[in-house]
Structures are given as structure tokens and as C-alpha cells.
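Read off the chains here:
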Amino acid sequence: MRGRAAKVFRMHGMIEESIEQLHLAGDDTNLAAVVAEFGSQLIEEERWPELDRVLARVPSDVLDNEPALLLLRAWLLGDYESRHREMSAVLDRAEALLERGNVAETASIRRLRGEIAALRGAYEDLLSGDFDGAVAEEEVAMELLADSPGRHLTFAFVAGVVSLAGAGRPQEAHRLANSVMGDDRFAGAPFDPMAWAFPFLGWLEGDLSLEERYATQLLTIGERYGLVDTVASARYFLGTSAYERNRIDEARQHLDKVIADRYATQAANTIHSWIALALIEMAQGRGDEADAHAASMMQYVLDTHSDYFQPTAEAFLAELDLRRGRTAAALRWVHHADPEAQRHRFMFFDPASTYVEVLLSSKSDADHGRQLLEQYLAEAKRRNHRPLTIRLLGIRALDRAISGDESGALDSLGQAIRLSQEGGMVRRLADLGPPLVPLLHRLDVTGDGLAHVGAVLAAIEPETDGSVATAQSAPTVAGEPALTPREFDVLRLLAEHKTNQEIGRELFIAPGTVKKNTVRLYDKLNVHGRREAVAKARALGYLPD
């Protein structure tokens, strides 16, 4: 009776009800077959929450003894939830069952072995920095899955491309990505390896145009086929790329949509999008809002039990602590953090630079920070990781300037400007903040390089374009023109009889920028000099007597 009911439910697309009837009937064989078939369909359609519910209905003794069901569980844990330790244990169990069964190498067994290789290569080897091992695993996966085109084969291609890039083999990475062009297996299919692989390559190589071109294609594919995860991935790429170009409103529009779908898409997209949103708030001077985004991100990590991303979230909290002047909290983090556990190498936020920055903020840790800076920088250059290279060069420039090595500082910053200008990256350097401004003004650059320096300066000092640089409120008087926070800071220092050079050093801006703010200040107060400006400001209540 229950078997017939299960068949009727299945015929009407009521799979979860069919599974329940098969379980009550004790028909574990058919139950496993139905779940394996339906679960594979759910993965192809990126219906992760539904897959989670379906697997929860399978008795543990059935799931734990069926390799096909274990692989469904492994994809859910590894690709969707980023719970990689649990994923590895499930893969070990599935592999042991396949070995113990001594079964013939059928097409379905080859497919399962290919899936195991794909997941191990991506979420064990690649994420641990064993790029060559990851390349080898993905080559096995691509061979075993060659006759099973779909999401898993595309996953293996993309992981192989990223692994080759991480291994410092960019030409091979591009060849592999381009090798699927004209491949009939992917013609008209929702999972195009090129649309997935090139956004990663564009990011790693600091080529935002390449990233945006293929991410736009990925978005079109995702929307055409109704694939929530694909759409979120595309918006993650487009949002973080727009942020790097300092197109803040465009970035926010994409990233907000990723967060809105956070329980239906991969944890990686969600967490890095939340980080980018927090950085947007910091760029616009809203530190409290940045803290709120970071707190929501951390709560999400805890809710989803993502062991892999908890160190990432903690590293970003330290990044915010450092930027907001909470240096003691950042140092508490760095003294117990494992720098190798913080390395993510191919996503938007790489905690390696945070680790270095925090160490350099402490006199007692600075030497260790410099040692790691040079180690990480050499590795980033060797692997052609442009975003990390640019950021570390900027950090090195600031450190050398503080140490009195202006020539070395300008050399490092010049390298960073050239690399960031080639790919259109602005915020990689702008996020280092006002201390970078004096060095930028002293760089000897021309042409496109000079325009790029201007773009970085505008991102650091947005008030030069007519907007406000910080969230700090300046005093206002009814009927009088409002001063920007920067203008108020300049006014306060004028009252202390500081020169333009002294004001520039204190505010971390160039003397020329001080002069621009002073001219605007005089114009707003309708005065002609310092004494008049200070006197009128006191009369209006902008400054104390």
C-alpha cells in the first residue's frame, strides 16, 4: 500500500512525500534510488535548501551506507555550506564504501569517483594552498566526469582553472578555460565553464574588465535558467568589481541582492559580499554601519556552522578594529590567529594583508610583520595574484615612509599604481586611507598613471568632488553655510596657527589639498584671510572663544 502511495506521489512530483512513504514501508533500496535521482536534479537546479530537507528525511543508517547519497551530502556541506571538515569525513566514508564493495567500474561508479576528486581538489587541496595537488585531482575529475556534462563537470573545470592560476601557471589556466569553447557538451547548457572560470581569472589577474564581461554573461545565464546560486555568484563578482572601481552605488545594488538570498546561495558569496558592503560603509564614513554589517556576517557564519569561514569573519572584524582605531582588539586577534588558516587566495577579501597590517601597527610586532609582508608579497608576485600584490605593495610603501625611507616608499607605491592602473583597481590602494595621500602627491607619474593617481586620491578624499569625507559632524549655524568635516578640521588647525605643511601632516593630506580646503572655507565665510576666518568662526560659534 505505501509502495503504491509512494509511486503516486512521485508521479505527481511530490518527492518528499514519496520518500516518506518509502521510509515507512521499509523499502530502503527504492528510497535511496529516488533520493539519489532527485537529489542530483536539485543540485543541477541549485535548490540547496530543498536538498537539505530531502536528505534530512533519509534515515541515517540508509544515508551512511549509500555512496550516492553520501556524495549529495558532501556537495551540500562543501559547495553550499563551506563546512569542509564535515565534507571530508563524508567523502572518506563514501570512498571506503566504494573500495569495500569491490564493485565493477560502471558509469555511475566512475561518476561518483569523479565527484569525490572534484570536491577534494577544490575544498581540500586548493583551499589549503596545495595548488599542484588540486590540479591533479581536478584532472582526474574531468576525466571521470567527461561523459556526464552538467554542474559537476563544470565545477571540476573551474576548480582546475583556479588551481592552475594559484600555482602560478596563468597561460595553462587560460588554455583550460578556453578549451571548452565550441564543446558540444556545454552547448545551450546552464553551466558554461568559461562564464564561471573567467571572472575568477579576471579577479586574480587584476583585470576588472575581464571579470565584469564574463560575470555579466554569468548573470544572464543564471536569470535565464532561474539559478539562484549562479545569479548570486555573478552579482558577487559584479558588486566587488564595481567596488574596486569605486562605483559605490552600483556595488551596493549587486551586493544587497546577494545578502537578500543568503540562505539560498553559497556561503562564500554571502560572506565576501557582506565584507564588501561593510567596506562601502567605511568608504562613506559610516563606521557604525560597517560594524553592523560585520556583526550580521559573523552571526550568519555561526548560524550556518561554516567552520571554514569563521577565521575569515574574525579576520575582517580585526580589519575593522584596526581601521576604527581599536588597535588593542586587533592585536588580541593577531596574537592568537593562525596566518596560514587565514589565506583564501582567490576571493575578494584575503586576510593575509590584515595580518600584516595589524602586526605593523605594534612596535613589538613590526619586525615580524615586515618579515611576513615580504614573504607574502613574494608569493603573491610569483602566483600573479594582482589584488594581493597591489595591497601589500601599498602597505610596504606606508611602512617604509614611516621608517623614513621615502625613496623605497615611492618605489613600492609606484609599482602598486602601475599594477592597479592596468586593471582599473582603485580601492585596493584607496582603502589604505589618508596616510597614503602625501606619498601619492609625491609620485612622479604622467599620462594614464597620473589620472589613476587622481582616481585613488578622489576615492580617499571624496570631498574634493563635492561630497563629505567622514561621518563626523561639523558644527553648523542657522543661516550660515555648512562646513564639511575636513573644512572644520582645517579651520581648527588654522586657529592653532599651523602652516599648510603642518596641517597636511596632521590630517594626512597634501599641502595643495589644504590650500583647496582653505580657499573654499574663506569663500563660505566670506573672508579674505586666516585671521578673518578664525575671528568670524568664533563669532559664529564654529570655534570656542
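As a reminder, the structure under discussion sits directly above these lines.
Read on for an overview of the structure. All figures in this text were calculated on a predicted structure; none of them were measured in a lab. (Residues numbered from 1 in each chain as written. Predicted model: local features only at pLDDT ≥ 70, side-chain atom pairs only at ≥ 80, totals over all residues. Heavy atoms only, no water.)

### Observations concerning the overall build of the protein chain
Stage number 1. Scanning the protein chain for helices and strands turns up 30 helices and zero strands.
Stage number 2. In the protein chain, buried positions account for 57% of the 545 residues.
Stage number 3. Across the protein chain, the fraction of contacts at a sequence separation of at least 24, relative to all contacts at a separation of at least 6, is 61%.
Stage number 4. Carbon together with sulfur atoms contributes 50% to the accessible area of the protein chain, which is approximately 23,000 Å² in total. (Helix = DSSP H or I, 4+ residues; strand = E, 2+ residues; numbered from the N terminus. Buried < 20%, exposed > 50% of the residue type's maximum accessible area, 1.4 Å probe, protein only. Contact = heavy atoms within 4.5 Å. Areas by Shrake-Rupley, 256 points an atom, 1.4 Å probe, with all protein chains shown as cover.)

### What about the pattern of salt bridges?
Stage number 1. Inspection of every chain in the model, using the stated rule, returns 39 salt bridges.
Stage number 2. Here R151 and D79 are joined by a salt bridge, their closest N and O atoms 2.6 Å apart. Highlighted residues: R151 in helix α10 (residues 151-166) and D79 in helix α6 (residues 67-80), separated in sequence by 72 residues. Each of the two residues, R151 as well as D79, counts as buried.
Stage number 3. A salt bridge links K498 to E496; its shortest N-O distance comes to 3.5 Å.
Stage number 4. Shared partners join several salt bridges into a network, and the residues in it are D288, D291, D321, R324 and R326. (Salt bridge = Lys/Arg side-chain N within 4 Å of Asp/Glu carboxyl O.)

### Let's talk about the nonpolar core
Stage number 1. One finds V35, L69, F316, F348, L413, L429 and L440 to be the most contacted residues of the largest nonpolar core, which totals 184 residues.
Stage number 2. Ignoring any residue separated from it by four or fewer positions in sequence, one finds F316 in contact with I275, A278, L279, A294, M297 and F349. (Core = buried A, V, L, I, M, F, W, Y, C linked by side-chain atoms within 4.5 Å.)

### Regarding unusual backbone geometry
Stage number 1. A positive phi angle, near 55°, is found at E46, a position not held by glycine.
Stage number 2. Note that E46 resides in the loop between α3 (28-44) and α4 (48-56).
Stage number 3. Positive phi, normally seen in glycine, also occurs at H497, with a value near 65°.
Stage number 4. Note that H497 resides in the loop between α27 (485-495) and α28 (500-507).

### Here we look at the environment of G424
Stage number 1. Tracing the backbone through its elements, the reader meets G424 in the loop between α23 (406-423) and α24 (427-430).
Stage number 2. Judged by its relative accessible area of 17%, G424 falls in the buried class.
Stage number 3. Taking C-alpha positions, G424 is 8.2 Å from H452, a pair spaced 28 residues apart along the chain.

### Some words on α3
Stage number 1. The terminal C-alpha atoms of α3 lie 24 Å apart, and with 17 residues this matches the ideal 24 Å at 1.5 Å per residue to within 8%.
Stage number 2. Residues of α3 that are buried: L31, A32, V34, V35, A36, F38, G39, L42 and I43.
Stage number 3. E46, located one to two residues past α3, shows a positive phi value of around 55°. (Expected span 1.5 Å × (residues − 1).)

### Some remarks on a negative patch on the surface
Stage number 1. Judged by side-chain charge, D28, D61, D64 and E66 come together as a negatively charged surface patch.
Stage number 2. By secondary structure assignment, the location of D61 is in helix α5 (residues 60-63). (Patch = residues over 30% accessible without salt bridge, like charges linked within 9 Å, V, L, I, M, F, W, Y side chains within 5 Å. Lys, Arg positive; Asp, Glu negative; His and termini not counted. Charge placed at Lys NZ, Arg CZ, Asp CG, Glu CD.)

### Here's the deal with the environment of G129
Stage number 1. In this structure, G129 sits in the loop between α8 (107-128) and α9 (131-144).
Stage number 2. We classify G129 as partly exposed; its relative accessible area is 22%.
Stage number 3. Distance in space between the C-alpha atoms of G129 and R345 is 8.2 Å, their sequence separation being 216 residues.

### Re empty space enclosed by the protein
Empty space among the atoms becomes apparent when a probe as large as a water molecule is rolled across them.
Stage number 1. Evaluated as defined, the whole model comprises four cavities of 30 Å³ or more.
Stage number 2. D79, Y123, F155, F200 and Q266 are the residues nearest the centre of the largest cavity, which is lined by 28 residues in total.
Stage number 3. Elements with a minimum of two residues in the lining of the largest cavity: α6, α8, α10, α12 (193-204), α14 (228-244) and α16 (267-283).
Stage number 4. Considering each element in turn, the lining of the largest cavity owes the most residues, six residues, to α10.
Stage number 5. Here the lining of the largest cavity is composed, by residue class, of 18 nonpolar, eight polar and two charged. (1 Å grid on protein atoms, 1.4 Å probe; cavity = no way out; pocket = protein on both sides within 12 Å on 5 of 7 lines; lining within 4 Å. Points joined across faces, edges and corners; volume = space filled by probe spheres on them. Nonpolar A, V, L, I, M, F, W, Y, C, P; charged D, E, K, R; others polar.)

### So, the packing of aromatic side chains
Stage number 1. Per the stated rule, a full pass over the model turns up 15 aromatic pairs.
Stage number 2. Between F200 and F237 the ring centres are 5.0 Å apart and the planes differ by 90°, which places this aromatic pair in the edge-to-face class. On the criterion of sequence distance, the pair formed by F200 in helix α12 and F237 in helix α14 is long-range, its members being 37 residues apart. With respect to burial, F200 and F237 carry one shared label: buried.
Stage number 3. Lying across the ring of F348, R428 places its NZ or CZ 5.6 Å from the centre. (Phe/Tyr/Trp six-rings, centres within 6.5 Å; stacked < 30°, edge-to-face > 60°. Lys NZ or Arg CZ within 6 Å of the ring centre and 35° of its normal.)

### Focus on the environment of H452
Stage number 1. In this structure, H452 sits in helix α26 (residues 447-460).
Stage number 2. Distance from H452 to R418, taken between C-alpha atoms, is 8.8 Å for residues 34 residues apart in sequence.
Stage number 3. If near-sequence neighbours (up to four positions away) are discounted, H452 is found in contact with I417, S420, Q421, M425 and V426.
Stage number 4. At 3.4 Å, the side chain of H452 and the backbone nitrogen of Q421 are in polar contact. (Polar contact = N/O pair within 3.5 Å; in protein donor to acceptor, adjacent residues only side chain to side chain.)

### As for the packing of α8 against α9
Two quantities define a packed helix pair, namely the angle between the helix axes and the distance between the axes.
Stage number 1. Between α8 and α9, the least distance of the axes is 8 Å, while the angle of their chain directions is 160°. Of the possible angle classes, the one that applies to α8 and α9 is roughly antiparallel. Taken as a pair, α8 and α9 cross one another with a handedness that is left-handed. Where α8 approaches α9, its residues R110, R111, R113, G114, A117, A118, R120, G121, A122, D125 and L126 are matched on the opposing element by F131, G133, A134, E137, E138, V140, A141, E143 and L144.
Stage number 2. Class assignment for the residues of the contact of α8 with α9 results in nine nonpolar, three polar and eight charged. (Axes fitted to C-alpha atoms, helices over the stretch in contact; angles between N-to-C directions. Parallel < 35°, antiparallel > 145°, perpendicular 65-115°, else oblique. Left-handed = near helix turned anticlockwise from the far one by under 90°.)

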